[in-house]
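# Structural overview
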Amino acid sequence: MLIKLELQKFFKKPSTWVMPLVILALGLLLALANALDQSETIKTLVNQEFTGTLALVTDLMLLGVAGRVITSEFTFGTMKMLFAQRFTRRQIFMAKLVTVAVAFVLLQAALFITMVLISLLFGHAWLVDLGSFAGYLFGSVISSILFVSVMFVVANLIRNDLLVVVIGILLILMLEVIGAVVVGHGILPLDYSPLGAFYVSAMAGLPSVMAEYQMNGFLVGLATIIYSGILYGVALMLFKRREV
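Remember, it's a predicted structure, so these values are computed and weren't measured experimentally. Numbers given for residues are sequential positions, taken from 1 along each chain in its written order. Whole-chain, interface and lining totals are the exception, using all residues; otherwise, since this is a predicted model, local features are given only for residues with pLDDT of at least 70 and side-chain atom pairs are given and counted only at 80 or more. Side-chain measures were taken over the full set of non-hydrogen atoms in the model, leaving aside hydrogen atoms and water.

### Concerning the overall build of the protein chain
Stated precisely, the cut-off is as follows: Under the scheme used here, helices are H or I runs from DSSP no shorter than 4 residues and strands are E runs no shorter than 2 residues, and both carry numbers assigned from the N terminus. We call a residue buried when its accessible area falls under 20% of the maximum for its residue type, exposed when it is over 50%, and partly exposed in between, using a 1.4 Å probe and counting protein chains only. Residue contacts follow a heavy-atom distance rule, with two residues in contact if any of their heavy atoms lie within 4.5 Å. Working definition of accessibility: Shrake-Rupley area with a 1.4 Å probe, residue cover restricted to the visible protein chains.
When you go through the protein chain residue by residue, the secondary structure sums to 10 helices and zero strands. Ordering the α and β elements of the protein chain from the N terminus gives α-α-α-α-α-α-α-α-α-α. Looking at the protein chain as a whole, 43% of its 244 residues are labelled buried. In the protein chain, of all internal contacts separated by at least 6 residues, the share reaching a separation of at least 24 is 74%. Roughly 12700 Å² of accessible area belongs to the protein chain as shown, and the carbon and sulfur atoms make up 72% of that amount.

Listed below in structure tokens is the structure:
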């Protein structure tokens, strides 16, 4: 019942449908710009910058959803309505997680459809490589699990929607940079150290990166689940104690 209510609210928001349209429009604009370039580097530009840009935008949109899904309830006072229906805070928290998971599926589907359409329209059949996309999807799942957990913690510490998103994203970027330094200097193990997890999870799923750093996919996934579980536990504790 609660999950159904949360999903209904999510799909009724105009922003829910604007996000996939933005991904599609941005993809078409980038592909058109590259198609007008007759240089020899067009394939490299489209493959690296194009896909990387769309993936980044998709990830940022998901973090925006994760940051606002809790904060907006307190901002607009709708959390009291949920409490009035005798839902527990744990149930509400889990429903929010399901909403973010659905948002992830929606955005990834929009990204894949965009890639297929561009391949058909511009003749870049090599853009839709299911093996590469599966690798990207694995990495995206791993990083999203960890990064969303950070956003949930921040969302329970700050009441302003915009600040939650901005501070959350900046914090994640900072942790990635620190993780890269820690890993680069061999201070902590690559696959399963806490700080290294933020750097590694962002790289997971990219075959070249996995091979270069000899990353163990199982350890990367296991470490991400453990650290994310801890952060989600902290977020739930803060959520239970947060004043309405």
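What follows continues from the structure just given.
### Quick look at the nonpolar core
Note the threshold: Among buried residues, those of type Ala, Val, Leu, Ile, Met, Phe, Trp, Tyr and Cys that are joined through side-chain atoms within 4.5 Å constitute a nonpolar core.
Counting residues in hydrophobic clusters, the biggest one holds 48 residues, and the most contacted among them are Ile70, Phe93 and Phe152. Those elements that place two or more of their residues in this core are helix H1 (2-12), helix H2 (14-35), helix H3 (42-75), helix H5 (89-122), helix H6 (130-155), helix H7 (161-184) and helix H10 (217-241). Not counting the four nearest positions on each side in its chain, Phe93 is found in contact with Ile70, Phe152, Tyr232, Ala235, Leu236 and Phe239.

### Re the packing of aromatic side chains
Put simply, the rule reads: Put simply, two rings from Phe, Tyr or Trp (the six-membered ring, in Trp's case) pair if the centres are within 6.5 Å, and we call them stacked under 30 degrees between planes, edge-to-face over 60, tilted for the rest.
The final tally for this structure, using the stated rule, is five aromatic pairs. Ring centres of Phe93 and Phe239 lie 5.9 Å apart, and the angle between their planes is 50°; on these two criteria the pair is classed as tilted. You can see Phe93 sitting in helix H5 and its partner Phe239 sitting in helix H10, a full 146 residues away along the chain. A single burial state applies to Phe93 and to Phe239, both of which are buried. Seen in terms of ring centroids, Phe152 and Tyr232 are 6.1 Å apart; in terms of plane orientation they differ by 80°. Their pairing is edge-to-face. You can see Phe152 sitting in helix H6 and its partner Tyr232 sitting in helix H10, a full 80 residues away along the chain.

### Quick notes on the pattern of salt bridges
Rules: In the sections that follow, a salt bridge refers to a side-chain nitrogen of Lys or Arg positioned within 4 Å of a carboxyl oxygen of Asp or Glu.
By the definition in use, this model includes three salt bridges. Salt-bridge contacts for Lys9 lead to Glu6; the nearest nitrogen and oxygen are separated by 3.2 Å. In this pair, Lys9 and Glu6 are both assigned in helix H1, three residues apart and thus about one turn of the helix distant. Residue classification places Lys9 among the partly exposed positions, given a relative accessible area of 33%. Salt-bridge contacts for Asp161 lead to Arg68; the nearest nitrogen and oxygen are separated by 3.3 Å. Pair noted here: Asp161 is in helix H7 and Arg68 is in helix H3, with a separation of 93 residues, a long-range link. We classify Arg68 as partly exposed; its relative accessible area is 31%. Sharing partners across several salt bridges, the network here consists of Glu6, Lys9 and Lys96.

### Topic: the confidence of the model for the protein chain
Keep this limit in mind: The predictor rates its confidence in each residue with pLDDT, a number between 0 and 100.
Confidence in the prediction for the protein chain averages 78 pLDDT; 70% of positions are at 70 or higher. Per-residue pLDDT, averaged within each element of the protein chain, yields its smallest value for helix H9 (residues 207-212) (55) and its largest for H5 (89).

### So, the environment of Leu137
Here Leu137 shows up in helix H6. Each C-alpha atom of the pair Leu137 and Gln108 lies 8.0 Å from the other, and the pair is 29 residues apart in sequence.

### A short note on the environment of Val166
Take Val166: it is sitting in helix H7. With a relative accessible area of 38%, Val166 lands in the partly exposed category. The spatial distance from the C-alpha of Val166 to the C-alpha of Met151 is 9.9 Å, given a sequence separation of 15 residues.

### A word on H1
Using the following cut-off: Arc definition: it is the arc formed by the directions from the helix axis to the C-beta atoms.
Taken residue by residue, H1 has Leu2, Glu6 and Phe10 as its buried positions. The arc that holds the buried residues of H1, viewed along the axis, is 70°, so those residues lie on one side. Facing away from the buried side of H1, by more than 90 degrees, are the exposed residues Lys4 and Lys12.

### Things to note about the packing of H1 against H5
Defined as follows: Here, axes are lines fitted to C-alpha atoms. For helices the fit covers the stretch in contact, and angles between N-to-C directions go from 0 to 180 degrees. In this scheme, roughly parallel covers angles under 35 degrees and roughly antiparallel covers those over 145, while 65 to 115 is roughly perpendicular and the rest are oblique. By convention the crossing between two helices is left-handed if the near helix lies anticlockwise of the far one by an angle smaller than a right angle, and right-handed if it lies clockwise. Each residue is assigned to one of three groups, with Ala, Val, Leu, Ile, Met, Phe, Trp, Tyr, Cys and Pro labelled nonpolar, Asp, Glu, Lys and Arg labelled charged, and all others, Gly among them, labelled polar.
At a minimum axis distance of 9 Å, the contact between H1 and H5 shows a crossing angle of 45°. One way to sum up the angle between H1 and H5 is to call them oblique. Of the two elements, H1 crosses H5, and the hand of that crossing is right-handed. Contacts between H1 and H5 involve Leu2, Ile3, Glu6, Leu7, Lys9, Phe10 and Phe11 on the former and, on the latter, Gln91, Ile92, Ala95, Lys96, Val98, Thr99, Val102, Ala103 and Leu106. The class makeup of the residues in the contact of H1 with H5 is 11 nonpolar, two polar and three charged.

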